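Residue-level listing of the chains:
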Amino acid sequence: MFNNSLDSTSSRIYAHHLVRTDAGERNLKEFDTSLDSRDLDVSNVSFSQVETEEHEDEEEEEIEATQSFREVNIDSVKELRAEISEICSSLSDTLREMFKQMSIVGAVDETHAMVQYSTSMYMIDVDVIAKEFFYQSVIFSLGNLGSFKLKNEDAEPISIIYLMQLAPEEIRPSEDDSLDAAKYLLSQSEMLWDYFSIDIKSEEDGTIVISSLPSIIGGFLPALEGLPDFLLSLLMRVDWSEEKPCIEGIARCLADFFTSTISIVKRLDEKDEEEEEKGEEDEEMREIPDDDDDESDEPEEDVEQQDRPWKRLICNYLLPACKAKLIPPESFKDEEAGVITRVVDLHDLYKVFERC
C-alpha cells in the first residue's frame, strides 16, 4: 500500500521521483490569526459554555507545566503505556515516517481527509485515527490533563440528571435511574478528577453536577451536545470493578467523546447553513434578485465551504497534533480496514502520460 519508491536503490533521481511540495514547509494558514479556537464556536449550546483561563506568557506556562508534571506510578497505567510503546517498537519505519512527514491536503468529510506523503496521495479515516490519538493522549497525560470549566446559562455547574434526560429516547434512563447513576459517578469523583480532570461534585442543595472536562488538544473544544452520551458511556461501557479495564475504558470513552465533536460541529454547521438559505429565500420572495450580485457571491461561497469550522478542527488542530504525537498502530496498514488508502501515485500518472 505504501510507496515502494522509498526503498529504491537507484542512484539516479528521475523527475517523477520528486515531490512537488515540501511537507516541512509552513502553510500560509499558520499565519492566519482568524483561525483561533474562539472562532470555532463549538461550545455555543443552550445548556453549557466552556471557560478557559488565558495565559499571557506561554513559555513560562510550559516551563511550569514541565516542572510540575506528576508521574503516575500505578502498575495498570504503566502496562497501558507499555502496550502503546510496544506499537512503536514493532512499527514499520514507513508508517511512522508517513505520519510525521505527511502534508495535510484537506478534509473530505467529517470522517475522511486527504494527505500527501512522498509522491502519493492518501485518504485517511479521521474517525479511527482521532479515537486512537485521543486515547493515547489521555493515557500518557494521566494525572496531568488540563481542564475546561463548565457552566450553564445561569453560570452554574450542569446537573448530571438534567444532562442524562437530554440523551436519545432509546437510551434515556428514568429520573430514578439517572439519580442512581449520578450518585455512582459521584462515588468515583476523586479518581475521575485526579486522573482525568473530570470534576463531579455535589452542590449545597444536593444536586450532583459536572463542572469540568479535560483539555486534550489546545483549541479543540469538545462539543457539549455529546455530554449526555459521554456520561452514559461511562456507566455502560466502563468496567469499574478492575483498575486497568476501568482506566482504559474511561480513556476510550473520552476519545469517543472528543472525536464525536467533529460530526456534531458539522451537523450544527449544516443546520445553520440551512437556516441561512431559508432566510435568503424568504428575502428573495420580497426582492427581485440581481443576477450580477449572484455571480459575485459565488466565489465567496466557495471560500466559505473550504473554511468550515469542522474542517478547521480536522486540518488545523487534530491532524497537526497527530503528526506530532500519534504512535500509529500497525493495524493502520491493513488495506481491508481502510484506515489509510492510497488514492493516486505520481509514478502511475507518469505511466499514463507516457502512453498518451
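Just so we're clear, the structure is a prediction, and the values are computed from it rather than from any experiment.

### Structural notes on the packing of aromatic side chains
This model, assessed by the stated rule, comprises eight aromatic pairs. Judged by centre distance (6.1 Å) and plane angle (40°), the ring pair of Phe-99 and Phe-332 falls under tilted. With a gap of 233 residues between them, Phe-99 in helix α3 (residues 93-101) and Phe-332 in the loop between α11 (309-325) and β9 (340-345) connect regions that are remote in the sequence. Assessed through its relative accessible area of 3%, Phe-332 is described here as buried. What links up through ring pairs into an aromatic cluster is the set Phe-133, Phe-134, Phe-220, Phe-230, Phe-257 and Phe-258. Here the basic side chain of Arg-252 rests over the ring of Tyr-135, its NZ or CZ set 3.5 Å away from the ring centre. Directly above the aromatic system of Trp-310 lies the positively charged group of Lys-266, at a separation of 5.4 Å from the ring centroid.

### What to know about the pattern of salt bridges
Under the definition given, this model contains eleven salt bridges. Residue Lys-131 pairs with Asp-127 through a salt bridge whose shortest N-O separation is 3.5 Å. Linking Lys-131 with Asp-127, this pair stays in helix α4 (residues 126-140), spanning four residues, or about one helical turn. Note on Asp-127: relative accessible area 26%, which makes it partly exposed. Here Lys-266 ties to Glu-270 by a salt bridge, and the two come within 2.4 Å at their closest N and O atoms. Separated by four residues within a single helix, Lys-266 and Glu-270 lie in helix α9 (residues 243-286), roughly one turn from each other. Under the relative-accessibility criterion, Glu-270 is labelled partly exposed at 34%.

### Considerations on the packing of helix α6 (residues 175-187) against helix α8 (residues 227-237)
Pairs of packed helices are described in terms of their axes, by the angle between the two and the distance that separates them. It is at 11 Å that the axes of α6 and α8 come closest, and there the two elements cross at 75°. The orientation of α6 with respect to α8, classified from their angle, is roughly perpendicular. Residue-level inspection shows Ala-181, Tyr-184 and Leu-185 of α6 in contact with α8, the latter providing Leu-231, Leu-234 and Leu-235. Residues of the contact of α6 with α8, tallied by class, amount to six nonpolar, no polar and no charged.

### Section: the packing of α4 against α11
At a minimum axis distance of 10 Å, the contact between α4 and α11 shows a crossing angle of 60°. Overall, the two elements α4 and α11 adopt an arrangement that is oblique. Handedness of the crossing formed by α4 with α11: left-handed. In this structure, α4 contributes Val-126, Ile-129, Ala-130, Phe-133, Phe-134 and Gln-136 to the contact, and α11 contributes Ile-314, Leu-318, Ala-321, Cys-322 and Lys-325. Class assignment of the residues belonging to the contact of α4 with α11 gives a composition of nine nonpolar, one polar and one charged.

### A short note on the environment of Thr-207
Here Thr-207 shows up in the loop between β7 (199-202) and β8 (208-215). Its relative accessible area of 28% is what places Thr-207 among the partly exposed residues. Counting along the chain gives 48 residues from Thr-207 to Ser-159, while the straight-line C-alpha distance between them is 6.6 Å.

Rules used in this analysis
Residues numbered from 1 in each chain as written. Predicted model: local features only at pLDDT ≥ 70, side-chain atom pairs only at ≥ 80, totals over all residues. Heavy atoms only, no water. Phe/Tyr/Trp six-rings, centres within 6.5 Å; stacked < 30°, edge-to-face > 60°. Helix = DSSP H or I, 4+ residues; strand = E, 2+ residues; numbered from the N terminus. Buried < 20%, exposed > 50% of the residue type's maximum accessible area, 1.4 Å probe, protein only. Lys NZ or Arg CZ within 6 Å of the ring centre and 35° of its normal. Salt bridge = Lys/Arg side-chain N within 4 Å of Asp/Glu carboxyl O. Axes fitted to C-alpha atoms, helices over the stretch in contact; angles between N-to-C directions. Parallel < 35°, antiparallel > 145°, perpendicular 65-115°, else oblique. Contact = heavy atoms within 4.5 Å. Nonpolar A, V, L, I, M, F, W, Y, C, P; charged D, E, K, R; others polar. Left-handed = near helix turned anticlockwise from the far one by under 90°.

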